[in-house]
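# Residue-level structure breakdown
Here's the letter readout for the chains.
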Amino acid sequence: MEKTDLKKELITFIEETNDEELLSLLKEDFLFYGKIKDKDITDGLSNEQLKELKILSEEDEMKDTMTLDEYKKATAQWRIK
């Protein structure tokens, strides 16, 4: 899609909505992403935070999961019988 067509489509969406919350979110996004051009989300992190982020990204995604039976057993005391 051409940039001008995309702009027109977005303008149409904005003009057709009366959802103030949605308009507010769009405004926040425009302001935020307009300020961070050529920046990375990790730019403000310290070396220690970057190391921790790297470790977390490499962590086994199944590390803290449990089976359905384990879950039922762990939460049995809070369920209505």
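Residues numbered from 1 in each chain as written. Predicted model: local features only at pLDDT ≥ 70, side-chain atom pairs only at ≥ 80, totals over all residues. Heavy atoms only, no water.

### Notes on the overall build of the protein chain
Counting secondary structure elements, the protein chain contains four helices and zero strands. Sequence-ordered secondary structure for the protein chain, helices as α and strands as β, is α-α-α-α. What you see for the protein chain is a C-alpha radius of gyration of 22 Å, clearly larger than the 12 Å of a compact globule of 81 residues, by over 25%. With the principal axes as the frame, the protein chain shows a C-alpha extent of 55 × 45 × 25 Å. In the protein chain, which comprises 81 residues, the share counted as buried stands at 2%. For the protein chain, the exposed area adds up to about 8500 Å²; of that, 56% sits on carbon and sulfur atoms. Counting 14 positive and 22 negative side-chain charges, the protein chain places the centres of these two groups 3 Å from one another. (Helix = DSSP H or I, 4+ residues; strand = E, 2+ residues; numbered from the N terminus. Rg over C-alpha atoms; globule rule 2.2 N^0.38 Å. Buried < 20%, exposed > 50% of the residue type's maximum accessible area, 1.4 Å probe, protein only. Areas by Shrake-Rupley, 256 points an atom, 1.4 Å probe, with all protein chains shown as cover. Lys, Arg positive; Asp, Glu negative; His and termini not counted. Charge placed at Lys NZ, Arg CZ, Asp CG, Glu CD.)

### What about the packing of aromatic side chains?
Within the structure shown, the criterion is met by one aromatic pair. When the centroid spacing of 5.0 Å and the interplanar angle of 80 degrees are considered together, the rings of Phe 32 and Tyr 33 count as edge-to-face. (Phe/Tyr/Trp six-rings, centres within 6.5 Å; stacked < 30°, edge-to-face > 60°.)

### Points about the pattern of salt bridges
Tallied over the entire structure, the rule returns two salt bridges. Across the pair Glu 58 and Lys 54 runs a salt bridge whose closest N-O atoms are separated by 2.5 Å. Of the two residues, Glu 58 and Lys 54 both sit in helix 3 (residues 47–58), four residues apart, roughly one turn of that helix. A salt bridge links Lys 63 to Glu 59; the nearest nitrogen and oxygen atoms lie 3.2 Å apart. Classification of Glu 59 as partly exposed rests on a relative accessible area of 35%. (Salt bridge = Lys/Arg side-chain N within 4 Å of Asp/Glu carboxyl O.)

### Here we look at a nonpolar patch on the surface
Where nonpolar side chains cluster on the molecular surface, the patch consists of Met 1, Leu 6, Leu 10, Phe 13, Ile 14, Leu 23 and Phe 30 and spans about 700 Å² of accessible area. Of the residues forming the nonpolar patch, the biggest block, four residues, is contributed by helix 1 (residues 3–16). Structurally, the position occupied by Phe 13 is in helix 1. (Patch = residues over 30% accessible without salt bridge, like charges linked within 9 Å, V, L, I, M, F, W, Y side chains within 5 Å.)

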